[in-house]
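Examination of the molecular architecture
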Amino acid sequence: MSIQQDFRPSVEAEFLTRYLDNLALLERLHRLMLDVIKDEFERLGAVELNPVQALLLFNIGDHEVTAGELKTRGYYQGSNVSYNLKRLVELGYMHHQRCAMDRRSVRVRLTPEGHAIRSRVAALFARHAQSLQQDSVVDFATLDAVARALKLLEHFWGEQIRYIY
């Protein structure tokens, strides 16, 4: 048995440990981001929205989209999108209109109130970016490296969904 063969299982085990640690970190970061948005809206007195709905308004922005398009872009899961879009329409943050070609499909876009919420989320993220840069928490190179690594994971996972039997 060579030294390389002895070394390989521990390297594979260490890689698995780091991979699992990173998966857990991704989950915690997503939940923490939602908590940060929730706290911001509680401070502003906008408690009728949940953070997922505020983030949905932010991600839609100036676009007119269907629930299917949001799912295709990978932002949200099916029933989650439908429920939240319906709720945002009820609260007056979105307009909805049936598509002329496919009456089953509904297109949504932000109302002025929805744009105001989007602006609040954008301002929150802008403050974060400014603080991260000013306090030297992360630099451009680090953000770029993280983005590259996350895009590679996104591509890998997407391939796994498409090609695993």
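Above this text sits the structure in question.
Residues numbered from 1 in each chain as written. Predicted model: local features only at pLDDT ≥ 70, side-chain atom pairs only at ≥ 80, totals over all residues. Heavy atoms only, no water.

**Quick look at the sheet that holds strand 3 (residues 106-110)**
- Strand order in the open sheet made by the 3 strands is 1-3-2, with antiparallel pairing throughout. At either end of the open sheet lies a strand with only one pairing partner, and these are strand 1 (65-66) and strand 2 (94-98).
- The pairing of strand 1 with strand 3 spans 2 bridges and is antiparallel. Bridge assignment links Thr66 to a residue of strand 3, and that residue is Arg107.
- The sheet strands contacting helix 2 (residues 51-60) are strand 1, strand 2 and strand 3, and the helix crosses strand 3 at an angle near 90°. (Pairing = 2+ DSSP bridges. Helix = DSSP H or I, 4+ residues; strand = E, 2+ residues; numbered from the N terminus. Contact = heavy atoms within 4.5 Å. Axes fitted to C-alpha atoms, helices over the stretch in contact; angles between N-to-C directions.)

**With respect to the packing of aromatic side chains**
- Within this structure, the stated rule accounts for 1 aromatic pair.
- Arranged with centres 5.2 Å apart and planes meeting at 90°, the rings of Phe58 and Phe125 form a pair that is edge-to-face. Within this pair, whereas Phe58 is found in helix 2, its partner Phe125 is found in helix 5 (residues 112-134), the two being separated by 67 residues in sequence. (Phe/Tyr/Trp six-rings, centres within 6.5 Å; stacked < 30°, edge-to-face > 60°.)

**Things to note about the layout of surface pockets**
- A volume near 170 Å³ is recorded for the second largest pocket.
- Looking at the second largest pocket, the residues that line it are Ala67, Ser82, Leu85, Lys86, Val89, His96, Val106 and Val108.
- For the lining of the second largest pocket, the leading source of residues is helix 4 (residues 78-90), giving 4 residues. (1 Å grid on protein atoms, 1.4 Å probe; cavity = no way out; pocket = protein on both sides within 12 Å on 5 of 7 lines; lining within 4 Å. Points joined across faces, edges and corners; volume = space filled by probe spheres on them.)

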